[in-house]
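Coordinate analysis (summary)
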Amino acid sequence: PGHLFLTVLTELDSVPLAEKLAARPGVLSLPYLTTISPEIAAALAKNERSLTLAGLTDVSTEVQEKLAETVGGLSLPNLTSLDLLPLAKKLAAGVVLLPKVESLTVEQAESLIGERAQGSFWGGIYLSLAAVTPEVANVLAANPSPVNLTLVGNGPLPDSLLRTLLRSRLRLTLRVLEEV
């Protein structure tokens, strides 16, 4: 089974087509699909290997509910808001690519950091600097396992947050940050 990477698909409103795509025995990537309905999300969620929807940025809670039920792996690297804990848990099962999500709850941070794979060579968590509040930093730092954490964004990183993160077992990488 191969990787189906559909760069020409920008709209998908046919549930039967979404089900057919999801039934393929390989990885499914739809990088330019920018909006989907809950029905399309439910159909795509049946993919058993891995589903990447890089074009989705702002999705409704109904779509997030359906995507949280994805059978295989799920990646939403351009998502701008994470509203539901079940979706955070689903995303935590793989490499967590959430560099555009501006806020996280403590519960979401706990679910993202709780997966064992996040400390492996291939695992990791990519978060927006804006999402790391003092409470989220404390959750991340309290994890007893070494975790690969990459913070992405512009703006100063407050000393108190940096100290909290550096005192932990996190493997910390800072990307595209202005100087303090």
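To keep things clear, this report deals only with the structure shown in the data block. (Residues numbered from 1 in each chain as written. Predicted model: local features only at pLDDT ≥ 70, side-chain atom pairs only at ≥ 80, totals over all residues. Heavy atoms only, no water.)

Right, let's talk about the nonpolar core for a bit. Membership of the largest hydrophobic core comes to 50 residues, with the highest contact counts inside it found for Leu-44, Leu-53, Leu-67 and Leu-127. Non-local contacts of Leu-127, meaning those with residues more than four positions away in its chain, are made with Leu-98, Pro-99, Leu-104, Leu-112, Val-132, Leu-140, Leu-149, Thr-150, Leu-151 and Val-152. (Core = buried A, V, L, I, M, F, W, Y, C linked by side-chain atoms within 4.5 Å. Buried < 20%, exposed > 50% of the residue type's maximum accessible area, 1.4 Å probe, protein only. Contact = heavy atoms within 4.5 Å.)

What follows concerns the pairing of strand S6 (residues 125–128). In the sheet, strand S5 (residues 96–98) pairs with S6 via three bridges, with the strands oriented parallel. Within S6, the residue paired with Leu-98 across the bridge is Leu-127. Two elements, S6 and strand S7 (residues 148–152), share four bridges in a ladder whose sense is parallel. Note on S7: the bridge partner recorded for Ile-125 is Leu-149. Handedness of the crossover is the feature at issue here: the chain leaves S6, passes through helix H6 (residues 134–142), returns alongside S7, and the resulting connection is right-handed. (Pairing = 2+ DSSP bridges. Helix = DSSP H or I, 4+ residues; strand = E, 2+ residues; numbered from the N terminus. Right-handed = clockwise from strand over helix to strand, strands pointing away.)

Opposite charge on two side chains lets them pair, provided their charged atoms get close. A full pass over the atoms with the stated rule returns one salt bridge. In this structure, Glu-19 engages Lys-46 in a salt bridge whose closest nitrogen and oxygen atoms are separated by 3.4 Å. Linking Glu-19 in helix H1 (residues 15–23) with Lys-46 in the loop between helix H2 (38–44) and strand S3 (50–52), this pair joins segments that are 27 residues apart in sequence. With relative accessibility at 34%, the residue Glu-19 sits in the partly exposed group. For Lys-46, a relative accessible area of 47% corresponds to the partly exposed category. (Salt bridge = Lys/Arg side-chain N within 4 Å of Asp/Glu carboxyl O.)

An α-helical segment advances 3.6 residues per turn. Residues three or four places apart therefore align on the same side. Where H6 is concerned, the buried positions are Val-136, Ala-137, Val-139, Leu-140 and Ala-141. Tucked into the core, H6 has its buried residues touching helix H5 (106–113), S6, S7 and helix H7 (159–166).

The parallel open sheet is built from four strands, whose spatial order is S5-S6-S7-S8. In the strand order of this sheet, the two ends are held by S5 and strand S8 (171–175), each with one partner. This sheet shows a mean twist of 20° between the axes of neighbouring strands, independent of strand direction. (Axes fitted to C-alpha atoms, helices over the stretch in contact; angles between N-to-C directions.)

What follows covers the packing of H6 against H7. Relative orientation of the contacting elements H6 and H7 amounts to 15°, with a least axis distance of 8 Å. Here H7 runs roughly parallel to H6, going by the angle between their axes. Read as a crossing pair, H6 and H7 show a hand that is right-handed. Here Pro-134, Ala-137, Asn-138, Leu-140 and Ala-141 of H6 come into contact with H7, specifically with Leu-161, Thr-164 and Leu-165. Of the residues assigned to the contact of H6 with H7, the class counts are six nonpolar, two polar and no charged. (Parallel < 35°, antiparallel > 145°, perpendicular 65-115°, else oblique. Left-handed = near helix turned anticlockwise from the far one by under 90°. Nonpolar A, V, L, I, M, F, W, Y, C, P; charged D, E, K, R; others polar.)

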